[in-house]
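Survey of secondary and tertiary structure
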Amino acid sequence: MTNHTNRAVILKQRPQGEIQEGDLTLEERPVRELKEGEVLAKVLWLSLDPYMRPRMNDAKGYMDPIGLDEVVVGESVARIVESRSDDLKVDDLVTCYSGWQEYVVFPANAEMVYKIEPKDNVPLQAYLGVAGMPGRTGYCGLMYVGKPTSGETVVVSAASGPVGTVVGQTARKEGCRTVGVAGGPEKCRYVVEELGFDACVDYKAGNLEADLKAACPDGIDIYFENVGGAVTRAVAPLLNPGARVPICGFVSAYNAEDMGSVETPFHVLKALDPVPEHRFFLVTEWQDKHQEITNILADRVASGELKYRETIAEGLENAPEAFKGMLKGKNFGKQLVHIAD
Ligand SMILES: NC(=O)c1ccc[n+]([C@@H]2O[C@H](COP(=O)([O-])OP(=O)(O)OC[C@H]3O[C@@H](n4cnc5c(N)ncnc54)[C@H](OP(=O)(O)O)[C@@H]3O)[C@@H](O)[C@H]2O)c1
């Protein structure tokens, strides 16, 4: 054992619907001694991402479920504090899949561990948001699955979050008319006034179909799917011939008690005639472009061209509440947990 005390958030029981008291517990866990080739990293920032909720279920999706009594999965920005490897030295900064805990031991050459080369004007936590996994998701899903061309209309849901933010600002840069869908007037105002979208529809305002139609007078050429449910149903009749639908996720269903009985975007889209081009994608399809795309996005952050917001919870003990809130849209921009400096 080392002399570090580690705290971790553990999956104690599988949530039925929304996460309840007792599903996740904060526990002290020992930090073991390093073996040759390993490093000990101290987590500075933890990323909270919607995909973590389906992984708490006992059903195999595109990734394995988290085991009971295991640390909840998650990516973080961490600093190396002990090293028995030449690949990473003390004080190096990395992104890694540490899980929801304060310290983590891993082999320095483990997959999905990336050294951060700090850039001026790019805060470290941006490598978990618009210059990190969600940003690469938005960029790659739009560019390689959506394939935008100038003059097309692109609609993106969860528009004020890190994925939607990057989709919309990238689509604008490609010369597209860009329409967001977001929950509430404050988020919609921000999406238009700060992020520069052409329009943003408040799906909570009670007039979704008509508002979306008015915002897309020439129909929709690309719908970047983040939420599913009522938004997908409103988008469907507006899709133009030749439309593409990159299916990134459908967060409206992530708290469902029975995921198997949920109407997914696939059900809605497959019922259309003609069926629009659509497919689910994973950001890891472009893992070979990890550094290239990260650099593009980090440079845009540094120059001020790529704008974004963050919601920060302070301390690991507040991660579960922040996570529950994010699944209901309480976050405004990238949801992070600040653990240490
Ligand atoms: N395929 C991949 O490789 C990959 C990788 C990363 C992320 N994703 C997916 O990308 C999507 C966005 O992720 P993110 O990290 O950018 O999350 P995010 O936007 O920061 O957070 C989720 C947002 O979803 C919206 N939402 C929640 N419930 C909703 C409902 N019932 N109807 C409509 N919107 C609802 C909320 O925004 P409002 O307040 O605006 O409703 C909430 O803020 C998620 O579906 C996620 O699973 C996929």
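Residues numbered from 1 in each chain as written. Predicted model: local features only at pLDDT ≥ 70, side-chain atom pairs only at ≥ 80, totals over all residues. Heavy atoms only, no water.

Per an unreviewed UniProt entry, the protein goes by the name Enoyl reductase (ER) domain-containing protein and belongs to Marinobacter salarius.

Quick word on the side chain of Q125
Inspection of the secondary structure puts Q125 in the loop between β7 (114–115) and α1 (133–146). Classification of Q125 by relative accessible area gives buried; the value is 12%. Sequence-distant contacts of Q125, that is, excluding residues within four places in its chain, are made with W45, E310 and L336. (Helix = DSSP H or I, 4+ residues; strand = E, 2+ residues; numbered from the N terminus. Buried < 20%, exposed > 50% of the residue type's maximum accessible area, 1.4 Å probe, protein only. Contact = heavy atoms within 4.5 Å.)

Let's talk about the site of the ligand
The ligand sits among 26 residues. The nearest are K187, Y203, F281, V283 and N331. In this structure, V163 approaches the ligand through a main-chain N or O atom, which is 3.0 Å from an oxygen atom. At 2.8 Å from an oxygen atom of the ligand is found a main-chain nitrogen or oxygen belonging to N226. Relative to its unbound accessible surface of 920 Å², the ligand loses 93% to contact with the protein. Where the shell around the ligand is concerned, the elements lending two or more residues are α1 and α2 (162–173). A per-class count over the shell around the ligand returns 17 nonpolar, eight polar and one charged. Formed jointly, the shell around the ligand draws a minimum of three residues from each of two domains, domain 1 (5–129 + 309–338) and domain 2 (133–284). (Near = heavy atom within 4 Å. Polar contact = N/O pair within 3.5 Å; in protein donor to acceptor, adjacent residues only side chain to side chain. Areas by Shrake-Rupley, 256 points an atom, 1.4 Å probe, with all protein chains shown as cover. Nonpolar A, V, L, I, M, F, W, Y, C, P; charged D, E, K, R; others polar. Domains from an automatic or database assignment.)

Thoughts on the domain arrangement of the protein
Domain annotation for the protein reports domain 1 (5–129 + 309–338) and domain 2 (133–284). Placing a centre on the C-alpha atoms of domain 1 and another on those of domain 2 gives a separation of 28 Å. Contacts between the two partners involve 25 residues from domain 1 and, on the opposite side, 18 residues from domain 2. The contact between domain 1 and domain 2 buries some 1,700 Å² in all, and 60% of this surface belongs to carbon and sulfur atoms. (Buried area = accessible area lost by both parts, 1.4 Å probe.)

Observations regarding helix α8 (residues 319–326)
For α8, a buried count of seven out of eight residues is recorded, marking the element as mostly surrounded by other parts of the structure. Residues of α8 that are buried: A319, P320, A322, F323, K324, G325 and M326. Buried residues belonging to α8 abut β1 (5–11), β2 (24–30), β3 (38–47), β14 (310–314) and β15 (334–338).

Some words on the environment of E317
Tracing the chain through its elements places E317 in the loop between β14 and α8. Setting aside its immediate chain neighbours within four residues, E317 contacts R7 and L26. Among the polar contacts made by the side chain of E317, one reaches the side chain of R7 at a distance of 2.8 Å.

Section: the sheet that holds strand β10 (residues 199–202)
Judged by pairing direction, the sheet is parallel, and its six strands sit side by side in the order β10-β9-β8-β11-β12-β13 without closing on themselves. In this open sheet, the two strands that pair with only one neighbour each are β10 and β13 (277–280). When the angles between neighbouring strand axes are averaged without regard to direction, this sheet yields 15°. Where α2 meets the sheet, it contacts β8 (153–157), β9 (177–182) and β11 (220–224), and its direction lies at approximately 170° from that of β8. Each of β8, β9 and β10 touches helix α4 (residues 208–215); the most contacted strand, β10, lies at about 175° to it. (Pairing = 2+ DSSP bridges. Axes fitted to C-alpha atoms, helices over the stretch in contact; angles between N-to-C directions.)

Here's the deal with the packing of aromatic side chains
Summed over all chains, the structure comprises seven aromatic pairs. Both rings, one in Y190 and one in F332, keep their centres 5.2 Å apart while their planes meet at 90°; by these two values the pair is edge-to-face. In this pair, Y190 is assigned in helix α3 (residues 185–193) and F332 in the loop between α8 and β15, connecting sequence segments 142 residues apart. Accessibility assignment for this pair places Y190 and F332 in one class, buried. An aromatic cluster is built from Y139, Y144, F224, F281 and W286, whose rings are joined through pairwise contacts. The ring of Y190 carries the charged tip of R309 above its face, separated from the ring centre by 5.6 Å. Taking the ring centre of F332 as reference, the NZ or CZ of R309 above it sits at 3.7 Å. (Phe/Tyr/Trp six-rings, centres within 6.5 Å; stacked < 30°, edge-to-face > 60°. Lys NZ or Arg CZ within 6 Å of the ring centre and 35° of its normal.)

A few points about the pattern of salt bridges
For the structure on display, the rule yields 19 salt bridges. Between E27 and K12 there is a salt bridge, with the nearest N and O atoms lying 3.0 Å from each other. Within this pair, whereas E27 is found in strand β2, its partner K12 is found in the loop between β1 and β2, the two being separated by 15 residues in sequence. A salt bridge links E27 to R29, with the nearest nitrogen and oxygen atoms 3.2 Å apart. Look at E27 and you get partly exposed, because its relative accessible area is 22%. (Salt bridge = Lys/Arg side-chain N within 4 Å of Asp/Glu carboxyl O.)

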